[in-house]
Amino acid sequence: MKDNVAAAMAALSHLDVDQNPASIKSKSRDFFWYSPVLKDRLDHVVADFVVSPRSEAEVIEVLKVCYDHDVPVTTRGAGTGNYGQAMPLAGGCVMHLRYLNRVKSVMPGRVVVEPGCLLKDLDAECKARSGQEIRMFSSTWATATIGGFIAGGSGGVGSVHWGSLRDLGNIIRLRVVTMEEKPRVLEFRGEE
């Protein structure tokens, strides 16, 4: 392991850090191997370690520490995609968002949710709290996270009626944490 990676891992050791090789390999992959082209190109890709933050403050800490030590970070949800888009191409840290899975609020026509929430849990929570359903969901909705669904892109079941995820009104606001010397929390709304 490179010195910079070891230093970052040591600085984050008070968090939930996974160093088990089998677990790291599993959390470094999605279903890329459906494609023979991607399987050939990505089969060797693996992170050096996995960290699972439990709060936005811990996300900020992970990004700052990894930036300070020049360690690449790959953000991870459930890994249900099949394009290799959440794989650590340069090793480093996989930041697994499984603990950031809460539905914070449900209001008419909107919901505030953390990125690690499964789409099926989000839908169930919306139905229970307000009788509403989510507008669209992926074919892997039972195991996919809202963060991965949004990061992955276009849409899913419900898109014929509601359009793609990026169409105005489908995503009202996103909070994004930057990876830089002093990470910033940015909020994007509307056409941003």
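Read on for a plain summary of the structure.

Points about the overall build of the protein chain
No. 1: When helices and strands are tallied, the protein chain shows seven helices and eight strands.
No. 2: By the compact-globule yardstick of 16 Å for 192 residues, the protein chain fits well, its C-alpha radius of gyration being 17 Å.
No. 3: The C-alpha extent of the protein chain, read off along each of the three principal axes, is 50 × 40 × 30 Å.
No. 4: Out of the 192 residues in the protein chain, the part that is buried amounts to 36%.

Overview of the side chain of Thr178
No. 1: Note on placement: Thr178 falls in the loop between strand S7 (173-177) and strand S8 (185-189).
No. 2: Polar side-chain contacts of Thr178 include one of 2.6 Å to the side chain of Glu180.
No. 3: Not counting chain neighbours up to four residues away, the residues in contact with Thr178 comprise Leu63, Pro183, Arg184 and Leu186.

A look at the sheet that holds strand S3 (residues 73-76)
No. 1: Reading across from one edge, S1-S2-S4-S3 is the order of the four strands in this open sheet, with mixed pairing throughout. With one partner strand each, in any of the chains shown, strand S1 (17-18) and S3 form the two edges of the open sheet.
No. 2: In this structure, S3 lies alongside strand S4 (residues 93-96), joined through four bridges in parallel fashion. By the bridge assignment for S4, Arg76 is matched with His96.

Quick notes on the side chain of Glu114
No. 1: Note on placement: Glu114 falls in the loop between strand S6 (110-113) and helix H5 (119-130).
No. 2: A polar atom in the side chain of Glu114 sits 3.1 Å from the backbone nitrogen of Asn101.
No. 3: Side chain to side chain, Glu114 and Arg102 meet in a polar contact 2.9 Å long.

Considerations on the pattern of salt bridges
No. 1: In total, this model carries 16 salt bridges according to the counting rule given.
No. 2: Among the ionic pairs, Asp43 bridges to Arg29, the shortest N-O distance being 3.2 Å. With a gap of 14 residues between them, Asp43 in the loop between helix H3 (36-42) and strand S2 (49-51) and Arg29 in the loop between helix H2 (21-27) and H3 connect regions that are remote in the sequence.
No. 3: Given the relative accessible area of 15%, Arg29 is considered buried.

Describing helix H1 (residues 3-11)
No. 1: Taken together, the buried positions of H1 are occupied by Val5, Ala8 and Met9. Relative to the axis of H1, the buried residues are bounded by an arc of 100° and lie together on one face. In this structure, H1 carries Asp3 and Ala10 as exposed residues pointing more than 90 degrees from its buried face.
No. 2: Here the buried face of H1 lies against S1, S2 and helix H4 (56-68).

Here we look at the packing of aromatic side chains
No. 1: A full pass over the atoms with the stated rule returns four aromatic pairs.
No. 2: Aromatic pair Phe31 and Trp33: ring centres 5.6 Å apart, planes at 55°, arrangement tilted.
No. 3: Look at Phe31 and you get partly exposed, because its relative accessible area is 31%.
No. 4: In textbook terms, an aromatic cluster arises when at least three aromatic residues are bridged by ring pairs, as seen for Phe31, Trp33 and Tyr34.
No. 5: Across from the ring centre of Tyr99, 3.7 Å away, lies the NZ or CZ of Arg54, which sits over that ring.

Section: the nonpolar core
No. 1: Leu12, Phe49, Val51, Val62, Cys66, Cys93 and Met95 are the most contacted members of the largest nonpolar core, which has 19 residues in total.
No. 2: The biggest single contributor to this core is H4, with five residues.
No. 3: With near-sequence residues (within four places) excluded, Leu12 lies in contact with Val17, Phe49, Glu61, Val62, Val65 and Cys66.
No. 4: Core analysis: the second largest hydrophobic core is formed by 13 residues, Val106, Cys117, Cys126 and Leu165 among them.

The rules we used
- Residues numbered from 1 in each chain as written.
- Predicted model: local features only at pLDDT ≥ 70, side-chain atom pairs only at ≥ 80, totals over all residues.
- Heavy atoms only, no water.
- Helix = DSSP H or I, 4+ residues; strand = E, 2+ residues; numbered from the N terminus.
- Rg over C-alpha atoms; globule rule 2.2 N^0.38 Å.
- Buried < 20%, exposed > 50% of the residue type's maximum accessible area, 1.4 Å probe, protein only.
- Polar contact = N/O pair within 3.5 Å; in protein donor to acceptor, adjacent residues only side chain to side chain.
- Contact = heavy atoms within 4.5 Å.
- Pairing = 2+ DSSP bridges.
- Salt bridge = Lys/Arg side-chain N within 4 Å of Asp/Glu carboxyl O.
- Arc of directions from axis to C-beta.
- Phe/Tyr/Trp six-rings, centres within 6.5 Å; stacked < 30°, edge-to-face > 60°.
- Lys NZ or Arg CZ within 6 Å of the ring centre and 35° of its normal.
- Core = buried A, V, L, I, M, F, W, Y, C linked by side-chain atoms within 4.5 Å.

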